[in-house]
Amino acid sequence: MLTRREFAKLTAAGTFTAVVSRPALAQAKPKVVVVGGGPAGGTVARYLAKDSAGAIEVTLVEPQKEFVTCFHSNLYVGGFKTMQQITHGYEKLGAQGVKLVHQAAAAIDRERRQVRLADGSTLPYDRLVVAPGIDLKYDSVPGYSREAEELMPHAWKAGPQTKLLKAKLDAVPDGGLIVMVAPPNPFRCPPGPYERVSMVAHALKRAGKTKAKIVVIDPKDKFSKQGLFQEGWEKHYPGMIEWLPPNVHDGVKSVDPKAGTIVTGFETYKDIALANIIPAQMAGKIARDAALANETGFCPIDAANMKSKADANVFIVGDACIPGDMPKSAFAANSQAKVAAMTIRGELTGARTFPARYSNTCWSLIAPDDTVKVGGRYENKDGAIASVEGFISQTGETVAVRKQTQEENIGWYDGIVADVFG
Amino acid sequence: MGWRLALSGLALAAVIAPATTTHAGDVAFGEYLASECVTCHQRSGQAHGIPAIVGWPQDQFVAVLNSYKWKERDNPVMQTIAGKLTDDEIEALAAYFESLDSNVKKCADQKPPTPC
């Protein structure tokens with residue numbers, strides 16, 4: 001018989017997992033269900049299938065047959081990418097061993113460890129990955145609603161909304177007024193609204209509509225890469241963009257989608273040619289319904305492994321989780337997904353596991369070949385994802401550096417979509 | 001803690017306590033670390049805007065990562081990534097990415113070519 005000390009030694013060395021727990025688990029093929037086929041869910045599913053080489057049954061539940069990436073959807077708005085270039089199918093994931101179920105997940109039964117699908121059938125799981133992304137809190141902007149998104153698009157979930165925003169942008173006359181209501185923290189893609197403003201300004205400038213005006217009504221006092229964006233706006237789009245913090249506008253009091261007006265504490269904007277309302281956000285409904293979210297609307301996780309703090313059989317990855325110091329980004333989701341996939345393989349097949357490590361970079365295009373980036377490395381610190389080291393582009397960088405950064409941005413996109421969708 | 005309790009918690013304990021028996025040039029460890037790299041540097045070796053890093057000789061791989069680690073080369077993304085890597089981790093990555101060379105070739109040789 002082993003002494004306690006010998007046991008501790010073996011456990012620390014990791015050898016015990018392979019010797020003891022694998023036979024006990026090998027009786028039935030373990031099942032993992034992944035809810036949500038975005039950068040988070042796609043990456044977990046792909047890495048589990050690829051690295052377990054068939055030892056785990058991996059099912060990806062995603063109602064859509066194609067995924068339009070939010071990342072680089074601003075480049076579509078700016079005319080730098082086509083819709084086709086930011087749209088990806090799931091066929092390669094299927095070919096790499098992921099079982100695809102193109103239905104909505106209706107509910108999670110954590111007691112019975114099963115997911116109920118829209119058609120009433122159920123999928124049992126040994127481990128569940130919940131990656132539904134965000135839902136919008138439409139009523140966080142008074143007068144805004146789901147129906148109103150056709151008149152005043154948010155375009156914060158890519159696809160038809162993005163197309164609608166672009167169509168409305170193309171129809172803005174020279175001298176037209178564009179108003180963006182920016183979201184409060186925390187939200188998907190912190191530099192996203194400001195990259196969008198840049199791309200809207202670029203599209204207008206290229207169309208010769210430099211008399212158009214873009215007003216940003218922001219509930220925040222400051223925003224991601226603020227100095228870099230504001231420097232770029234002055235350089236490329238002088239006089240076109242007006243960013244207003246809360247002490248200047250005193251809050252959005254109401255929007256009237258039919259009349260096309262937005263009222264703040266200090267001003268009423270009428271005859272708006274394009275209103276882009278980006279409301280407050282929360283974890284996708286299925287996560288909230290399964291009591292995986294806390295009072296913030298997002299889901300607490302353990303940074304050691306991306307497990308839900310509410311259920312050790314459930315992992316929350318991507319925009320739905322509370323990622324500590326990480327932003328809600330596709331890069332972050334992809335990074336978190338790899339930690340979750342590694343942990344799941346360790347638990348279900350006895351695969352080797354390593355300490356969690358996370359990284360992120362967000363590139364933002366301000367004007368053609370003028371791109372900036374922010375990013376960092378993160379580790380588990382007392383259960384939260386904590387920043388270890390960070391970097392950000394500098395104001396006044398050379399044209400060559402910014403061009404190089406844009407080349408990275410384009411290269412990263414190709415890399416990450418290959419990593420997520422196969 | 002009683003012995004039985006210790007054993008029943010075994011699977012969990014094994015996950016919480018990470019494998020620490022890694023050694024220089026450990027390909028499996030390198031593969032895990034590499035998951036951070038392949039978000040940008042494609043595992044297939046394709047490169048648009050971000051250089052391919054598969055199949056590099058280990059010595060060259062170690063030298064390049066160290067040049068970012070010591071901030072001799074100036075890309076901040078790579079400085080941040082490399083800055084926190086230990087020598088063992090850099091060697092594990094070098095071993096893994098060198099090992100990918102033959103895999104890429106194997107995949108290319110198959111008819112029809114299969115994704116790697």
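Residues numbered from 1 in each chain as written. Chains lettered and ligands numbered in written order. Predicted model: local features only at pLDDT ≥ 70, side-chain atom pairs only at ≥ 80, totals over all residues.

A look at the overall build of chain B
The secondary structure content of chain B amounts to 6 helices and 0 strands. Counting helices and strands in the order they occur from the N terminus, chain B gives α-α-α-α-α-α. Counting all 116 residues of chain B, 37% fall into the buried class. The contacts of chain B with a sequence gap of at least 6 include a subset with a gap of at least 24, amounting to 65%. (Helix = DSSP H or I, 4+ residues; strand = E, 2+ residues; numbered from the N terminus. Buried ≥ 20, exposed ≤ 12 C-beta atoms within 10 Å, placed from the backbone. Contact = placed C-beta atoms within 7 Å.)

Some remarks on the domain arrangement of chain A
All names here are of chain A. As assigned here, chain A comprises domain 1 (29-133 + 284-421) and domain 2 (141-279). Between the C-alpha centres of domain 1 and domain 2 there is a distance of 27 Å. Opposite the 27 residues of domain 1 that make contact, domain 2 presents 31 residues. Of all the secondary structure elements, the ones that give two or more residues to the side of domain 1 that touches domain 2 are helix H4 (73-77), strand E22 (357-367) and strand E23 (370-381). Split into classes, the residues belonging to the side of domain 1 that touches domain 2 amount to 15 nonpolar, 9 polar and 3 charged. (Domains from an automatic or database assignment. Nonpolar A, V, L, I, M, F, W, Y, C, P; charged D, E, K, R; others polar.)

Observations concerning the environment of Ser308 of chain A
All names here are of chain A. With respect to the helices and strands, the residue Ser308 is situated in strand E20 (residues 307-308). Each C-alpha atom, one on Ser308 and one on Ala118, is 24 Å from the other, the two residues being 190 residues apart in sequence. Beyond its immediate sequence surroundings of up to four residues, Ser308 is in contact with Leu292, Cys299, Ile301, Val314, Phe315 and Ile316.

Focus: helix H5 (residues 76-83) of chain B
Taken together, the buried positions of H5 of chain B are occupied by Pro76, Val77, Thr80, Ile81 and Ala82 of chain B. Looking at the buried positions of H5 of chain B, the neighbouring elements they touch are E22, E23 and strand E24 (384-392) of chain A together with helix H4 (58-69) of chain B.

Description of the packing of helix H11 (residues 330-349) of chain A against helix H12 (residues 399-421) of chain A
Residue and element names in this part refer to chain A. Two elements in contact, H11 and H12, have axes whose closest approach is 11 Å; the angle formed by their N-to-C orientations is 40°. As summarised for this structure, H11 and H12 are arranged oblique, according to the angle between their axes. The handedness of the crossing between H11 and H12 comes out as left-handed. Residues Ala330, Phe331 and Asn334 of H11 pack against Ile416, Asp419 and Val420 of H12. (Axes fitted to C-alpha atoms, helices over the stretch in contact; angles between N-to-C directions. Parallel < 35°, antiparallel > 145°, perpendicular 65-115°, else oblique. Left-handed = near helix turned anticlockwise from the far one by under 90°.)

Structural notes on the pairing of strand E14 (residues 252-256) of chain A
All names here are of chain A. Pairing between E14 and strand E15 (residues 261-264): 4 bridges, direction antiparallel. Counted as the bridge partner of Asp256 is Thr261 from E15. From the end of E14 to the start of E15, which pair antiparallel, there are 4 residues, and Gly260 there has a positive phi angle of about 75°. (Pairing = 2+ DSSP bridges.)

So, the sheet that holds strand E7 (residues 114-117) of chain A
All names here are of chain A. Judged by pairing direction, the sheet is antiparallel, and its 3 strands sit side by side in the order E6-E7-E8 without closing on themselves. What marks the edges here is a single partner per strand, and that holds for strand E6 (105-109) and strand E8 (122-124). Within this sheet the neighbouring strands show an average axis-to-axis angle of 20°, counted without direction. Note that E7 and E8 share 3 bridges and pair antiparallel.

Quick notes on the nonpolar core
All names here are of chain A. If you look at the biggest cluster of nonpolar residues, it comprises 149 residues, and the most contacted ones within it are Val34, Val44, Val129, Val130, Cys299, Ile316 and Val317. For this core, the leading source of residues is H11, giving 11 residues. Looking at which domains feed residues into this core, each of domain 1 (29-133 + 284-421) and domain 2 (141-279) gives three or more. Not counting the four nearest positions on each side in its chain, Val130 is found in contact with Val35, Ile286, Ala287, Leu292, Val314, Ile316 and Ala320. (Core = buried A, V, L, I, M, F, W, Y, C linked by C-beta atoms within 7 Å.)

Concerning the sheet that holds strand E17 (residues 272-277) of chain A
All names here are of chain A. The 4 strands are arranged E13-E12-E11-E17 in an open sheet whose pairing can be described as parallel. Both edges of this open sheet fall to strand E13 (241-244) and E17, since each of them pairs with a single strand only. Geometrically, the sheet is characterised by an average inter-axis angle of 15° between neighbouring strands, direction not taken into account. Alignment of strand E11 (residues 177-181) against strand E12 (residues 213-217), held across 5 bridges, turns out to be parallel. Looking at E12, one finds that Leu177 is bridged to Lys213. Strands in contact with helix H7 (residues 192-206) are E11, E12 and E13; relative to E12, the strand with the most contacts, it is inclined by about 170°.

Description of the confidence of the model for chain B
Residues and elements named next belong to chain B. Averaged over all residues, the pLDDT of chain B is 76; the fraction at 70 or higher stands at 66%. Highest mean pLDDT in chain B belongs to H4 (96); lowest belongs to helix H1 (residues 3-8) (41). Predicted confidence is poor over residues 1-23, with pLDDT under 50, and the contacts of this stretch with residues over four places away or in other chains come to 33 contacts. Predicted complex metrics record ipTM = 0.81 and pTM = 0.88. (pLDDT = per-residue confidence, 0-100.)

A look at the confidence of the model for chain A
Averaged over all residues, the pLDDT of chain A equals 94, while 94% of them reach at least 70. Scored below 50 in pLDDT, residues 1-26 of chain A shows 29 contacts in the model against residues more than four places distant or in partner chains.

Some thoughts on unusual backbone geometry
Across the junction of Asn185 of chain A and Pro186 of chain A, the peptide omega takes the value -10°, indicating a cis bond. As for its placement among the helices and strands, Pro186 of chain A is situated in the loop between E11 and H7. Phi is positive for Ala155 of chain A, which is not a glycine, with a value near 50°. Among the structural elements, Ala155 of chain A can be located in the loop between strand E10 (134-137) and helix H6 (160-170). Looking at Ala155 of chain A, the number of C-beta atoms within 10 Å reads 26, which means it is buried. Unlike most non-glycine residues, Lys71 of chain B shows phi in positive territory, near 60°. Counting through the fold element by element, Lys71 of chain B comes out in the loop between H4 and H5. For Lys71 of chain B, a count of 12 C-beta atoms within 10 Å gives the class exposed.

What about the environment of Asp414 of chain A?
By the element assignment, Asp414 of chain A lies in helix H12. In this structure, the C-alpha to C-alpha distance between Asp414 of chain A and Ile86 of chain A, residues 328 residues apart in sequence, is 10.0 Å.

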